[in-house]
Amino acid sequence: MKKIIIIGGGIGGAATALALSHVGLEPVVYERTKELGEVGAGIALWANATHVLKNLGLLEKAIQVGYPITNYQFNSQRGKELVNIRVDRFELPVIGIHRAELHQLLWRNVPSEKFILEATFERFEPKTNQVHAYFASGLEAEGDALIGADGLRSCVRAALLGDVPPTYRNFKTWRGLTEFVPKDYRPGYIHEYLGRGKGFGFMMLGKGKMYWYAAATALEAQPDAPTGRKKELENMFQDWFSAIPELIAATDEAQIITTDLYDRPPIQPWSQGTITLLGDAAHPMLPTMGQGACTALEDAYVVAKCLKENPDPVAAFQTYESLRFPRTKAIVEQSLQSSKMGQLKNPVAVGLRNVFMKVMSSAISSRFKSLHSYRA
Ligand SMILES: Cc1cc2nc3c(=O)[nH]c(=O)nc-3n(C[C@H](O)[C@H](O)[C@H](O)COP(=O)(O)OP(=O)(O)OC[C@H]3O[C@@H](n4cnc5c(N)ncnc54)[C@H](O)[C@@H]3O)c2cc1C
């Protein structure tokens, strides 16, 4: 049985371990943290991702711990509807889910001895028919192939493609969880509100949790306001649609996380011999289309299928990359393009954007539909 080394045990690495074990390969995941975990935030799993969960035998469980999404609604900052997209028109559901719940579903279905924790990858060395991986602790591992699923600042990517930093896209995000449900929340909806250089969205996850996210143009590594991040958000969104300040007020400050947003221009090749990349390590994207984790799930399923069909990892990785590059490149670019709509600050431009969105609602809807109709 072929042993595949996976660097990184996030959503991409854990999904790959599960997909590889389904096709009879032996994955071993090396993760730098002490425990497997995910940040306290939500995620939308569109039909392209629930298709992968179905094939991995996890869809029913994901439905149980998640929440069904039917509509993706865009509004002006005061709550005037611009576009309302039905997203439940496929044979598969769309699910709002806590990231930790999704992550657990994936790794709990792989034997725990396949996850080596506190293993910080440093470098690899291809040897005849084998690849050796070296870790900060002095640990050394050998396998038939190696997959870098080590995220935005991937060390595997740096070794393959050079140590180029990701591109900061002038946006900062805040994410929060609360049990408060605003009276204007429509069950099944993702509500999003667009203003001048900032935006806000919220959706229900499973187990009665409401997940919200905000984004605003900001300098890289901009610190929190001296008043703290909750007060800062309250000030930023005080005159927006009433549900927004209510959600911020109802959230414990300790539950609010901030993240700077980066991507990388898509480049090929990302595979070299028996080594390849997956998820954010291969194609980090802005979260505007909500596809980063969804495409990592697609990658995991496709790489396992290629390794099953072709016992030679070099050829399998070439096929995997040729199948994944065009799709992920298009989504990285669409995600960047969408972020530009949110970056507008001039009131005239914002007014035009809102009119444009209303007029173009069916085109926007078909764009989402075609993204979600992909089946890995
Ligand atoms: C604000 C925001 C909102 C988002 N919303 C959505 C959404 O709604 N839907 C969606 O699909 N996507 C969303 N995403 C994107 C999604 O979070 C990522 O695309 C996804 O988590 C990438 O998974 P990954 O496994 O490739 O990388 P990561 O989750 O970054 O995992 C990488 C893992 O590798 C480990 N690691 C790193 N370096 C090493 C090393 N040297 N040695 C060993 N281990 C290492 C890390 O500890 C980590 O566990 C969002 C992202 C952001 C920032």
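Note that this is a predicted model, so its numbers are computed, not measured.

**Student:** For this particular structure, what's the right way to read the overall build of the protein chain?
**Tutor:** When helices and strands are counted, the protein chain shows 11 helices and 18 strands. Against the 2.2 N^0.38 benchmark of 21 Å for 376 residues, the protein chain shows a C-alpha radius of gyration of 21 Å, consistent with a compact globule. Dimensions of the protein chain along its principal axes, counting C-alpha atoms only, are 65 × 45 × 35 Å. For the protein chain, the proportion of its 376 residues judged to be buried stands at 46%. Sequence-distant contacts, at least 24 apart, represent 74% of the contacts inside the protein chain between residues at least 6 apart.

**Student:** Whenever I open this one, the sheet that holds strand S13 (residues 167–178) confuses me. Can you help?
**Tutor:** Strand pairing in a sheet relies on backbone hydrogen bonds. The paired strands run either parallel or antiparallel. Here seven strands make up an open sheet; going across it, the order is S6-S5-S14-S15-S16-S13-S17 and the pairing mixed. In this open sheet, the two edge strands, each paired with only one partner strand, are strand S6 (81–86) and strand S17 (257–263). Neighbour-to-neighbour, the strand axes of this sheet turn through a mean angle of 20 degrees, independent of strand direction. With six bridges connecting them, strand S5 (residues 71–76) and strand S14 (residues 189–194) associate as parallel partners. Considered in S14, the bridge of Gln 73 is made with His 191. Helix H10 (residues 347–359) contacts S5 and S6 of the sheet and is inclined by roughly 35 degrees relative to S6. Along the sheet face, helix H11 (residues 361–372) touches S5 and S6 and points at about 35 degrees away from the line of S6.

**Student:** Could you clarify how one ought to interpret the site of the ligand in this entry?
**Tutor:** In the vicinity of the ligand there are 33 residues, among which Gly 8, Gly 10, Gly 151, Gly 279 and Gly 292 approach most closely. Secondary-structure elements contributing two or more residues to the shell around the ligand are helix H1 (11–22), strand S3 (42–45), S13 and helix H8 (292–309). Of all the elements, H8 adds the most residues to the shell around the ligand, at four residues. When the residues that make up the shell around the ligand are grouped by side-chain class, the tally is 14 nonpolar, 14 polar and five charged.

**Student:** Looking at this structure, I do not really get the sheet that holds strand S10 (residues 130–135). What am I missing?
**Tutor:** Taken in spatial order, the three strands make up an open sheet running S9-S10-S11, and their pairing is antiparallel. The outermost strands of the open sheet, each flanked by one partner alone, are strand S9 (121–127) and strand S11 (140–143). Taken over all neighbouring pairs, the strand axes of this sheet differ in orientation by 20 degrees on average, direction set aside. Bridge count for S10 against S11 is four bridges, and the pairing is antiparallel. When the bridges of S11 are listed, Ala 133 appears paired with Ala 141.

**Student:** Would you mind going over unusual backbone geometry with me for this structure?
**Tutor:** Across the chain, the bulk of peptide bonds are trans and the bulk of non-glycine residues have phi less than zero. The omega torsion of the bond from Gln 268 to Pro 269 falls at -5 degrees, within 30 degrees of zero and hence cis. Position of Pro 269 among the secondary structure elements: in the loop between S17 and strand S18 (275–277). Of note, Asn 129 is a non-glycine position whose phi angle comes to about 60 degrees, a positive value. Mapped onto the elements, Asn 129 comes out in the loop between S9 and S10. Asn 129 gets classed as exposed once you count the C-beta atoms within 10 Å, which come to 8. Here Ala 221, not a glycine, exhibits a phi torsion of approximately 55 degrees, which is positive. Taking the number of C-beta atoms within 10 Å as the measure of exposure, Ala 221 has 8 and is therefore exposed.

Criteria and thresholds
Residues numbered from 1 in each chain as written. Predicted model: local features only at pLDDT ≥ 70, side-chain atom pairs only at ≥ 80, totals over all residues. Helix = DSSP H or I, 4+ residues; strand = E, 2+ residues; numbered from the N terminus. Rg over C-alpha atoms; globule rule 2.2 N^0.38 Å. Buried ≥ 20, exposed ≤ 12 C-beta atoms within 10 Å, placed from the backbone. Contact = placed C-beta atoms within 7 Å. Pairing = 2+ DSSP bridges. Axes fitted to C-alpha atoms, helices over the stretch in contact; angles between N-to-C directions. Near = placed C-beta within 6 Å. Nonpolar A, V, L, I, M, F, W, Y, C, P; charged D, E, K, R; others polar.

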